[in-house]
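Descriptive structure summary
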Amino acid sequence: MKNRKKEEPSARIPEHIAIIMDGNGRWAKKRLLPRSAGHRAGMKNMIALAEYAFSRGVRYVTAFALSTENFLRPQEELEGLFGLFREYFKKNAAVMREKGIALKVIGNPCLLPEDVRRLIAEGEEDTKGGSEGTLVLAIGYGGRQDIVFAVNEAVRRGKEVTAEEFSALLSTDGVPDPDLLIRTGKELRISNFLLWQSAYTEFYFTETLFPDFGEKELDRAIEAYSERERRFGKI
Ligand code: FPP
């Protein structure tokens, strides 16, 4: 046993938490509600959870709202999600600005309807410079696509790059790599989320369905994180 001084469980707060918000559909099904009701409950929870995380000292929260592969879902479900994005950016961008939270969206905007793209751009512009925390929404995002885009950009520039320079070509430029990645809803996989960025991220998996993953559960995940020993390849 190493003679390592044990930290207070709540002493180490991750600077950046990434969340795969899985289980909205099952949450709705259990209540005999349409899947859209699950996504709505998920959105509500995401807003509350991000604010709570910032109040605990977390600086960045990245939420996986729609993957590139999710575009294979029925059009009706996608339309429902686009509707939620519209609602969110229309109503919440101003609230975020007031609370000093910056919004950043990563993903391929070409996959989204024109008006949603415009609302996103306005939301990002309106909340620019928010210093209480940054909420990164991954919408139409794929980790592999992010990497391929960066590779092509490096090739276009015609100069070899270091790992650090490569990171700056990704959509997450300016955002530190996640310290903790939470996936709700039982599955034990990363599903094309922040592939490059999660090289040294600590993972936390829970069976709790995302709309039920509240403040207490987040506290538990942060506590589990603060007990991990991060060695980054060293001994
Ligand atoms: C995965 O659960 C969840 C999604 C594909 C959508 C998540 C989106 C939100 C919570 C809305 C976020 C809103 C904004 C404004 C960013 P699932 O539906 O696949 O769940 P299941 O596995 O139980 O079917």
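Residues numbered from 1 in each chain as written. Predicted model: local features only at pLDDT ≥ 70, side-chain atom pairs only at ≥ 80, totals over all residues. Heavy atoms only, no water.

On to the pattern of salt bridges, then. Scanning all chains against the criterion turns up 19 salt bridges. Between Lys128 and Glu125 there is a salt bridge whose closest N-O contact spans 3.3 Å. With a closest N to O distance of 3.0 Å, Arg228 and Glu202 form a salt bridge. Of the two residues, Arg228 is situated in the segment after α7 (215-226) and Glu202 in strand β6 (residues 202-205); the sequence distance between them amounts to 26 residues. Given a relative accessible area of 26%, Arg228 falls into the partly exposed group. Each member of the salt-bridge network shares a partner with another, and the members are Asp179, Glu202, Arg228 and Arg230. (Salt bridge = Lys/Arg side-chain N within 4 Å of Asp/Glu carboxyl O. Helix = DSSP H or I, 4+ residues; strand = E, 2+ residues; numbered from the N terminus. Buried < 20%, exposed > 50% of the residue type's maximum accessible area, 1.4 Å probe, protein only.)

As a further point, take the layout of surface pockets. The calculated volume of the largest pocket comes to roughly 620 Å³. Every element with two or more residues in the lining of the largest pocket is listed here: α1 (24-30), α2 (35-55), β2 (60-67), α3 (75-99) and β4 (133-141). Among the residues forming the lining of the largest pocket, the class breakdown is 14 nonpolar, eight polar and seven charged. (1 Å grid on protein atoms, 1.4 Å probe; cavity = no way out; pocket = protein on both sides within 12 Å on 5 of 7 lines; lining within 4 Å. Points joined across faces, edges and corners; volume = space filled by probe spheres on them. Nonpolar A, V, L, I, M, F, W, Y, C, P; charged D, E, K, R; others polar.)

Considering all chains together, one arrives at one cavity of 30 Å³ or more under this definition. As for the largest cavity, its lining consists of His16, Thr62, Thr172, Val175, Pro176, Asp177, Pro178, Leu194 and Gln197. The residue inventory of the lining of the largest cavity, partitioned by class, reads four nonpolar, four polar and one charged.

A few words now on unusual backbone geometry. Despite not being glycine, Lys186 has its phi angle at roughly 85°, a positive value. Within the element layout of this structure, Lys186 appears in the loop between β5 (180-183) and β6. Positive phi, close to 50°, is recorded for Phe232, a residue that is not glycine. As for its placement among the helices and strands, Phe232 is situated in the segment after α7.

Moving on, we come to the environment of Ser226. Here Ser226 shows up in helix α7. Sequence separation between Ser226 and Arg12 is 214 residues; the distance between their C-alpha atoms is 5.1 Å.

Another aspect to go through is the pairing of β5. Every second residue of β5 is oriented toward a common face, with Leu180 and Ile182 on one face and Leu181 and Arg183 on the other, all of them buried. As judged from the four bridges shared by strand β1 (residues 16-20) and β5, these two strands associate in the parallel manner. If you follow Ala18 over to β5, its bridge partner there is Leu181. Sheet analysis places β5 next to β6, joined by four bridges and oriented parallel. Bridge pairing in β6 places Ile182 opposite Tyr204. (Pairing = 2+ DSSP bridges.)

Turning our attention to the packing of α2 against α3. Two elements in contact, α2 and α3, have axes separated by 10 Å at closest approach and are oriented at 20°. Taken together, the axis directions place α2 and α3 in an arrangement best described as roughly parallel. By crossing handedness, the relation of α2 to α3 is classed as right-handed. On α3, the residues that touch Arg35, His39, Arg40, Met43, Met46, Ile47 and Glu51 of α2 are Glu77, Leu81, Leu84, Glu87, Tyr88, Asn92, Met96 and Lys99. Class assignment for the residues of the contact of α2 with α3 results in seven nonpolar, two polar and six charged. (Axes fitted to C-alpha atoms, helices over the stretch in contact; angles between N-to-C directions. Parallel < 35°, antiparallel > 145°, perpendicular 65-115°, else oblique. Left-handed = near helix turned anticlockwise from the far one by under 90°. Contact = heavy atoms within 4.5 Å.)

Right, let's talk about the site of the ligand for a bit. Residues in close proximity to the ligand total 18 residues, the closest being Asp22, Arg26, Arg35, His39 and Arg73. For the ligand, an oxygen atom lies 2.7 Å from a polar atom in the side chain of Arg26. For the ligand, an oxygen atom lies 2.9 Å from a polar atom in the side chain of Arg35. When the free accessible area of the ligand is taken as 630 Å², the share hidden by the protein chains comes to 92%. Put simply, the ligand lies in the largest pocket. Among the elements of the structure, α1, α2 and α3 are those that each provide at least two residues to the shell around the ligand. The element that contributes the greatest number of residues to the shell around the ligand is α2, accounting for five residues. Per-class residue counts for the shell around the ligand are eight nonpolar, six polar and four charged. (Near = heavy atom within 4 Å. Polar contact = N/O pair within 3.5 Å; in protein donor to acceptor, adjacent residues only side chain to side chain. Areas by Shrake-Rupley, 256 points an atom, 1.4 Å probe, with all protein chains shown as cover. Sits in = over half its atoms within 2 Å of the grid points.)

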